[in-house]
Amino acid sequence: MSTFLKNTSVYFFANILNAAIPFMLLPVLTRYLSVEEYGQIAMFQLLIAGLAGIVGLNTVGAAGRKYYDANISRSELENYNTSCFLILLLSGIVVVLAAFTFENEIVSYLSIPSDWIYISIAVSFMSFIIQFRLSQWQIRGDSKKYGVLQVINSLFSSIFSLIFVILFSMGAQGRIDAQIITSIIISVVCLYFLLRDKCIALTLPSRQHLIDSLNFGVPLVPHVFGFFLLSSADRYIINESMGLAAAGIYMLAIQLSRVFSVIFDAINKAYVPYLFSCLKENNKKTKIKLVKYTYYYYLALIFITIFSFYTAPYALIVFVGENFKESADIIGWILVGQMFNGMYLMVTNYIFYSKETKLLSSITILSGIINIILLYLLIPVYGLKGAAFSACISMFLRFVFTWGVAAWKVDMPWLLFSVSKKCYN
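Rules behind the numbers
Residues numbered from 1 in each chain as written. Predicted model: local features only at pLDDT ≥ 70, side-chain atom pairs only at ≥ 80, totals over all residues. Heavy atoms only, no water. Axes fitted to C-alpha atoms, helices over the stretch in contact; angles between N-to-C directions. Helix = DSSP H or I, 4+ residues; strand = E, 2+ residues; numbered from the N terminus. Parallel < 35°, antiparallel > 145°, perpendicular 65-115°, else oblique. Contact = heavy atoms within 4.5 Å. Nonpolar A, V, L, I, M, F, W, Y, C, P; charged D, E, K, R; others polar. Phe/Tyr/Trp six-rings, centres within 6.5 Å; stacked < 30°, edge-to-face > 60°. Buried < 20%, exposed > 50% of the residue type's maximum accessible area, 1.4 Å probe, protein only. Lys NZ or Arg CZ within 6 Å of the ring centre and 35° of its normal. 1 Å grid on protein atoms, 1.4 Å probe; cavity = no way out; pocket = protein on both sides within 12 Å on 5 of 7 lines; lining within 4 Å. Points joined across faces, edges and corners; volume = space filled by probe spheres on them. Core = buried A, V, L, I, M, F, W, Y, C linked by side-chain atoms within 4.5 Å. Salt bridge = Lys/Arg side-chain N within 4 Å of Asp/Glu carboxyl O. Expected span 1.5 Å × (residues − 1).

Digging into the packing of helix α4 (residues 74-101) against helix α5 (residues 103-110)
The relative placement of two packed helices comes down to the angle between their axes together with the axis-to-axis distance.
Okay, step 1: Contact geometry of α4 with α5 gives a least axis separation of 4 Å together with a crossing angle of 75°. What the angle tells us is that α4 and α5 run roughly perpendicular. Residue-level contacts link A99, F100 and T101 of α4 to E103, E105 and I106 of α5.
Okay, step 2: A breakdown of the residues in the contact of α4 with α5 according to their chemical character gives three nonpolar, one polar and two charged.

Here it is in structure tokens:
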């Protein structure tokens with residue numbers, strides 16, 4: 001448990017710095033960018049979110065899970081990881097061809113320049129490399145290296161954004177250029193470390209490893225698409241029905257609500273290796289302890305969210321200025337949705353451990369479809385607040401559905417009694 005607390009503190013500190021740097025950039029950007037330009041950036045980020053499940057086919061998670069297999073050698077892991085990079089290359093080529101074919105439609109739907117489409121693909125490609133390096137450090141418990149790279153990445157992006165947006169007056173294009181330049185620099189560094197540490201090799205992987213990594217990653221494509229519908233499609237619908245300015249206002253509230261995500265992500269990064277180790281032991285007392293800690297965590301989230309719901313709107317106006325004051329009307333409800341996301345993270349890892357990723361995909365797709373339906377029903381009535389209501393409801397349902405499947409696939413004493421004895425040897 002001491003290792004878990006140590007890693008949590010490192011991840012938390014790194015996440016705070018990683019989020020604080022772009023967070024402090026917000027009051028600057030909101031005064032140098034119009035709400036329409038902010039909306040364009042939101043559409044660019046939306047495209048990257050949509051590409052996340054296609055570029056690389058989620059094989060970062062496959063490599064992370066493979067590490068916990070029994071009696072696996074280092075050379076076998078190296079070969080397995082290399083298969084993930086071959087999949088990255090092939091999927092990247094397919095995505096570029098698809099973008100070239102549907103370029104005009106994408107430009108029309110998202111209201112962005114055509115070159116931003118290919119920049120988003122490049123950023124997604126390089127983000128895979130960065131996330132792969134981070135994941136390999138995470139599963140090995142090397143939280144310090146993880147945190148340093150994470151902070152440097154955020155620092156570079158923010159510095160280049162300040163230079164391009166303020167010094168060179170490049171507007172939204174400056175923010176996009178900052179992202180691509182940062183991605184190039186950091187991904188090259190990550191690739192060097194992956195080769196140096198023999199996490200990947202410059203050889204062809206085995207056919208079996210390719211099949212295995214695809215069997216893990218491909219079923220997650222609907223999951224990532226569902227997550228996109230759940231967490232990002234709202235900006236497209238807002239842009240479609242209310243315009244780029246409204247999308248920019250909504251995006252700002254989402255960005256500010258990520259203060260919660262910083263905390264949740266830090267805890268989850270340290271918790272996953274600890275949880276998987278505990279589940280591997282299959283010890284009754286340890287499982288009861290896990291459930292108790294989960295319930296304490298949920299209570300803490302509820303109290304923090306109630307407090308933030310009433311205080312965040314006032315702080316937001318002071319922080320970002322009058323141009324984005326409409327964000328104050330929705331920030332409270334978006335924070336409630338983030339709370340359900342934090343609860344979801346505590347149970348979704350059980351499904352990853354069980355390798356039942358198809359079920360997780362079904363849950364996320366269902367939740368995403370519900371979100372889309374609610375968005376079209378609620379936005380005409382409540383405006384931006386309707387989008388926030390939709391996010392709350394959808395994320396709550398995803399949390400409940402995921403908890404149910406997690407309880408089905410991994411026997412845990414969620415009722416703190418009547419634990420099935422057959423699960424403990």
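Here we look at the packing of aromatic side chains
Okay, step 1: Following the criterion strictly, the structure yields 25 aromatic pairs and no others.
Okay, step 2: Between F309 and W333, the aromatic rings sit 5.1 Å apart at their centres with planes inclined by 85°, giving edge-to-face as the arrangement. Placement of F309 in helix α13 (residues 284-320) and of W333 in helix α14 (residues 331-354) is noted, with a sequence separation of 24 residues between them.
Okay, step 3: On the basis of relative accessibility, which here comes to 33%, the residue W333 falls in the partly exposed class.
Okay, step 4: Taken together, the aromatic side chains of Y295, Y297, Y298, Y350, F399, W403 and W414 make up a single cluster linked through ring pairs.
Okay, step 5: Sitting over the face of the ring of Y344, R398 holds its NZ or CZ atom 3.7 Å from the ring centroid.
Okay, step 6: A cation over an aromatic ring shows up here: K409 above the ring of W408, its NZ or CZ 4.1 Å from the ring centre.

Details of empty space enclosed by the protein
Unfilled space is identified by rolling a water-sized probe across the atoms.
Okay, step 1: Counted by the stated rule, this structure contains two cavities of 30 Å³ or more.
Okay, step 2: Empty space within the second largest cavity amounts to approximately 40 Å³.
Okay, step 3: Considering the residues around the second largest cavity, the lining is formed by F264, I267, N268, Y297, G342, L345 and M346.
Okay, step 4: Looking at the lining of the second largest cavity, the elements with two or more residues in it are α12 (244-281) and α14.
Okay, step 5: In terms of residue class, the lining of the second largest cavity is made up of five nonpolar, two polar and no charged.

As for the nonpolar core
Okay, step 1: Grouped together as the largest cluster of nonpolar side chains are 122 residues, with contacts concentrated most on F132, Y250 and Y350.
Okay, step 2: It is α12 that contributes the most residues to this core, 22 residues altogether.
Okay, step 3: If near-sequence neighbours (up to four positions away) are discounted, Y350 is found in contact with Y271, L275, L279, L290, A406, V410, M412 and W414.

Here's the deal with the pattern of salt bridges
Okay, step 1: Under the defined criterion, the tally for this structure stands at four salt bridges.
Okay, step 2: With a closest N to O distance of 3.6 Å, K145 and D142 form a salt bridge.
Okay, step 3: Accessibility expressed as a relative area gives 38% for K145, which makes it partly exposed.
Okay, step 4: Of the charged contacts, one joins D197 and R196 as a salt bridge, the two residues approaching to 3.0 Å between their closest N and O atoms.
Okay, step 5: Classification of R196 by relative accessible area gives partly exposed; the value is 44%.
Okay, step 6: Counted as one network, the salt bridges with shared partners bring together R133, R196 and D197.

Comments concerning helix α6 (residues 114-139)
Okay, step 1: For α6, built from 26 residues, the straight-helix expectation of 38 Å at 1.5 Å per residue is met to within 8% by its first-to-last C-alpha distance of 38 Å.
Okay, step 2: With 19 of 26 residues buried, α6 lies mostly within the body of the structure.
Okay, step 3: At the C-terminal side of α6, G141 shows a positive phi close to 75°.

Here's the deal with the layout of surface pockets
Okay, step 1: In this structure, the largest pocket spans a volume of roughly 550 Å³.
Okay, step 2: As for the largest pocket, its lining consists of 24 residues, and the residues nearest its centre are L47, G50, L51, F225 and F228.
Okay, step 3: At the level of secondary structure, the elements contributing two or more residues to the lining of the largest pocket comprise α2 (35-51), α4, α5, α6, α10 (220-231) and α11 (233-242).
Okay, step 4: For the lining of the largest pocket, a count of residues per class yields 22 nonpolar, two polar and no charged.

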